[in-house]
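Reading the structure
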Amino acid sequence: MTGALELEDPLRWDRAVPPSAVVIFGANGDLTKRKLLPALYRLAYERRLPAGFAVVGISRTAMSDDQFREKMRESVQRFLEDSPFDADLWRDFALGLHYVSGDIADDGLYKAIAAKLGEVESQRGTAGNALFYLSIQPSQYEETVEGLGRAGLNVSRNGDGWRRIIIEKPFGHDRASAKELNSRVQRVFDERSVYRIDHYLGKETVQNILAFRFGNGIFEPLWNRRYVNHVQITAAESIGVEGRGAYYQEAGALRDMIQNHLLQVMGTISMEPPVAYESDEVRDERAKLLRSIHVMKPDEVLTHAVKGQYGPAKIGGADVPGFRQEPGVAPEAQTDTYAAVRLTVDNWRWAGVPFYIRTGKRMPKRVTDIAIQFNHAPLAVFGAETGKQWPNLLVLRIQPEEGISLRFYSKLPGAGMKLRPVTMDFNYGTSFGTRTPTAYETLLLDALVGDATLYTRQDMVEASWEVVQPVLDVWSETKFDLPNYAAGTWGPAASDEMLAGQGHVWRVP
Amino acid sequence: MTGGVDAERLLRELDEGWRQMGKSEGGGVLRACSMTMVAVSGAGEDVQAAGETLASIMHEHPNRTIVLRVDGSAAVEARTTILCWMPFGKRQQVCCEQIEIAAPRTGLNEVPPVLFGLMVADLPVAVWCGDPRLSVLEELQPVLRLASKVMVDTSKLDRADAAAVLAKLRSGPWLVGDLAWARITRWRQRVAQEIEAGCRKGDSEVTFTGEGMPMAAVYLGAWLEGVIGVPVPLRCEDPAPPAPGMGRIRSVRLGELTLRRTAPTTVCVQRGEVRASTAFPLLRDADLLREELGVFGRDAQYEAALRRVMEG
Ligand SMILES: NC(=O)c1ccc[n+]([C@@H]2O[C@H](COP(=O)([O-])OP(=O)(O)OC[C@H]3O[C@@H](n4cnc5c(N)ncnc54)[C@H](OP(=O)(O)O)[C@@H]3O)[C@@H](O)[C@H]2O)c1
């Protein structure tokens, strides 16, 4: 075909989104306002969306298309990150926004959606392609997917368009419910059309881990049990549950962070190199790694996992409530606002190397990072202590300041052979001072072009539930003496003891 | 020796600058470098605007900039500065180095040895000539030979002059980048997107405003010719110069698709019955340079278009 090559210029622009409609369930909700519409608008601003593009918003509240457009304009203007609002662009973009009100439980809603999609297809030329986005409560996922299936919306009318579905986190409440959800979703959509969101995988810095590992030749040879002593993954938040106490009480830190985000991060850090940067290849390796994580036996849970909950404290002169004092939380709640686990990977590369993962609320600061601690130098040439105290450490920082730092020893200037540890820092944000796309921009764009690399697959989700399930089981049967750490500290003493048992200490990130 | 300017002394000056900076900044400074950027400017160029352009690309491409001003100076002179900024309101400063060298046209052949001594080891060298005619000066060819990429902007030249400069420039081993080409990326992207979205191809035309044929339009025509397989007419809609910010390309038509610039930052996309707007934020030289600096490999699309321009 003439000119087919000219249409692609990967050096200067990325893949084009085909004509399509995004159908958002929960369009009157928080996530749509804060993240989804600003991300779609930004994609339009970046010229990533074709003329034939539309959004159909769905929720219960009655609204006209115009009212929906106005509401979305306000949200986009308010929540757009580091990006200008262009009124001309918005005017035409808004012409593609439509709204349908109705209840997910009502079959009539799906008929109305089908009619709207038909209308949008002829008006906006969306070619029968539709991406459904479930931005609703997890308990409504199955009902909605089945409603879509009954109405035949899982396939396009004339069969030549695609239908895809994005499902928000959390995907299941435990192993059994995740399996059940998977099987019900797959009765309607085949696995290739299912995009399970894990917005951590959409973060630039998590993607940068792959670039760092597989784009360079010098790190991979060290990336194994011979050189790596242990790995620490930390995701700390300084805030508490911020009004989401009732939800959080049911979820807890292990489910909310470790089961999904942090196990995916661990997968990214420790997986084998994929043969290509393609969706299946990358996900195969991540899934394989997740399946290789040793699943704890019930008696191992006591020594390999620590549950914590913050109690009240005074921080900087202000009184901070404990978790049980937060609105909507039961006074005897057994919820984990802190969770730490010691995992090992049963494969040749990692056998015997502990991966410590911790996450918590009301920690001293907000930070997410991965620290790879290397073994000591084999011989202490410069004195017994040197090298023991501060072994080489490679830290991959995910937030707030994305970057990479390497700690190594250097000679103190002056006479004598005194060494001191120094860090060499690469700061992603400052070194490339450009705007990075938000995770939702990246993920929406990927789903629209059909690239599932950064989405989780059924086997990945089930493997990660497999890892945390024994811990959940033991924790649910045990009554803990909570709270066990004060707000503003790095978590319960038991967590330090878990590492001390292995001769390790938690870093201060 | 070049009238007292020697690379080692300049580097010592920079070193001293770093030391001072380290002392005065309690939080420390971060020194970042991804390349050496040699910016060659002529006597008539706006020094301040060029300085701002270079400063703003440092954020994304931290570098050691060597500004070579070919002007009426009596002898070759040089001075060093360290440019710092506070990224995203944080406390730590990020700093890059700038060295300015002024040389008379007659002393230009003394400059390359100084530049060689100043280049950052083991990192790519990029050369940027706002005035493309400077890039073909014989005295500068040794510098170009060490460059991975040489960037020019042919926007202000007429087609014949631009073609002559580009023909000479592309005979070297370095990659060539032209800001006039980067200026049309958005047009190309948008057209490609709509064709991929099923828009039917057909007759094509590129229109522009202002006197003389702008290189951006020439490039766009050459690219479209590659897309549809036949030459694309370029037409002047209005010989009056464009309003500020409007750029010189006014519209692109291809079959059922028309892109038309309706305001400085807006291009209206009409595809059959469907209409959309697309944002074309104002492009500064810094944006274009940034794009070119992001392309450090063989640029097959540009080469194909350039070939067509040369043949046409
Ligand atoms: N908010 C976040 O930042 C965030 C982050 C990560 C993940 N998530 C996930 O994203 C999903 C949505 O979160 P959210 O915070 O946006 O929730 P939300 O603010 O509570 O919004 C829920 C939306 O669902 C609609 N809805 C509820 N019941 C419905 C029904 N029976 N029929 C039709 N529509 C119904 C509501 O419509 P009406 O308003 O019209 O009643 C509302 O638009 C959840 O799964 C959550 O776990 C959210």
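Provided above is the structure to which this section pertains.
**Things to note about the overall build of chain A**
- In terms of regular secondary structure, chain A is built from 15 helices and 18 strands.
- Projected onto its principal axes, the C-alpha coordinates of chain A cover approximately 80 × 60 × 45 Å.
- The buried share of chain A, taken over its 509 residues, is 56%.
- Sequence-distant contacts, at least 24 apart, represent 77% of the contacts inside chain A between residues at least 6 apart.
- Here chain A displays about 21,100 Å² of accessible surface, and carbon together with sulfur accounts for 52% of that area.
- The averaged location of the 65 negative side-chain charges in chain A is 4 Å from the averaged location of its 59 positive side-chain charges.

**Remarks on the nonpolar core**
All names here are of chain A.
- With 149 residues, the main nonpolar core has Phe25, Leu40, Phe93, Phe132, Leu263 and Leu343 as its most contacted residues.
- A per-element tally of this core places helix 14 (residues 458-477) first, with 10 residues.
- If we skip the residues at most four places from it in the chain, Phe132 touches Val23, Phe25, Leu117, Leu148, Leu153, Arg163, Arg164, Ile165, Ile166 and Phe189.

**Focus on the pairing of strand 4 (residues 130-134) of chain A**
Residue and element names in this part refer to chain A.
- Counting buried positions along strand 4 yields five of five residues, so the element is predominantly enclosed.
- In strand 4, alternate side chains face the same way, and those of Ala130, Phe132 and Leu134 on one face and Leu131 and Tyr133 on the other are all buried.
- As paired strands, strand 1 (residues 20-25) and strand 4 are joined by five bridges and run parallel to one another. By the bridge assignment for strand 4, Ala21 is matched with Ala130.
- Bridge analysis of strand 4 against strand 5 (residues 163-167) gives five bridges, and the strand direction is parallel. Within strand 5, the residue paired with Ala130 across the bridge is Arg163.
- At this point the chain moves from strand 4, through helix 5 (residues 141-150), to the parallel strand 5, and the crossover so formed is right-handed.

**Describing the interface of chain B and chain A**
- Taken together, the contact pairs 48 residues of chain B with 39 residues of chain A.
- Here chain B is connected to chain A by five salt bridges.
- With its nearest N and O atoms 2.6 Å apart, the salt bridge here joins Arg12 of chain A to Asp299 of chain B.
- Looking at the side of chain B that touches chain A, the elements that each hand over two or more residues are helix 6 (179-182), helix 7 (185-196), helix 8 (215-228), strand 13 (266-271), strand 14 (274-279), helix 9 (285-293) and helix 10 (300-311) of chain B.
- Residue contributions to the side of chain B that touches chain A peak at 10 residues, all from helix 7 of chain B.
- The residue makeup of the side of chain B that touches chain A, split by class, is 22 nonpolar, 11 polar and 15 charged.

**A few points about the environment of Leu40 of chain A**
All names here are of chain A.
- Tracing the chain through its elements places Leu40 in helix 1 (residues 30-45).
- Accessibility expressed as a relative area gives 0% for Leu40, which makes it buried.
- Counting along the chain gives 102 residues from Leu40 to Glu142, while the straight-line C-alpha distance between them is 25 Å.
- Once residues within four sequence positions are removed from consideration, Leu40 is found in contact with Val22, Ile24, Leu49, Phe53, Val55, Phe93 and Leu444.

**Here we look at the sheet that holds strand 12 (residues 257-263) of chain B**
All names here are of chain B.
- Spatial strand order, 10-9-11-12-13-14: six strands in an open sheet with mixed pairing. Of all strands in the sheet, those bounded by a partner on one side alone are strand 10 (234-238) and strand 14. With direction set aside, neighbouring strand axes in the sheet form an average angle of 20°.
- Across four bridges, strand 11 (residues 249-254) lies against strand 12 in antiparallel orientation.

**A short note on the site of the ligand**
All names here are of chain A.
- In the vicinity of the ligand, 22 residues are found, and the nearest of them are Asp30, Leu31, Arg60, Thr61 and Ile136.
- Within the contact set of the ligand, an oxygen atom lies 3.0 Å away from a backbone nitrogen or oxygen of Gly29.
- Taken together, the residues that form the shell around the ligand break down as eight nonpolar, nine polar and five charged.

**Here's the deal with helix 2 (residues 47-58) of chain B**
- The first and last C-alpha atoms of helix 2 of chain B sit 17 Å apart over 12 residues, in line with the 16 Å expected at 1.5 Å per residue.
- Of the positions making up helix 2 of chain B, those classed as buried are Thr53, Leu54, Ser56, Ile57 and Met58 of chain B.

Calculation rules
Residues numbered from 1 in each chain as written. Chains lettered and ligands numbered in written order. Predicted model: local features only at pLDDT ≥ 70, side-chain atom pairs only at ≥ 80, totals over all residues. Heavy atoms only, no water. Helix = DSSP H or I, 4+ residues; strand = E, 2+ residues; numbered from the N terminus. Buried < 20%, exposed > 50% of the residue type's maximum accessible area, 1.4 Å probe, protein only. Contact = heavy atoms within 4.5 Å. Areas by Shrake-Rupley, 256 points an atom, 1.4 Å probe, with all protein chains shown as cover. Lys, Arg positive; Asp, Glu negative; His and termini not counted. Charge placed at Lys NZ, Arg CZ, Asp CG, Glu CD. Core = buried A, V, L, I, M, F, W, Y, C linked by side-chain atoms within 4.5 Å. Pairing = 2+ DSSP bridges. Right-handed = clockwise from strand over helix to strand, strands pointing away. Salt bridge = Lys/Arg side-chain N within 4 Å of Asp/Glu carboxyl O. Nonpolar A, V, L, I, M, F, W, Y, C, P; charged D, E, K, R; others polar. Axes fitted to C-alpha atoms, helices over the stretch in contact; angles between N-to-C directions. Near = heavy atom within 4 Å. Polar contact = N/O pair within 3.5 Å; in protein donor to acceptor, adjacent residues only side chain to side chain. Expected span 1.5 Å × (residues − 1).

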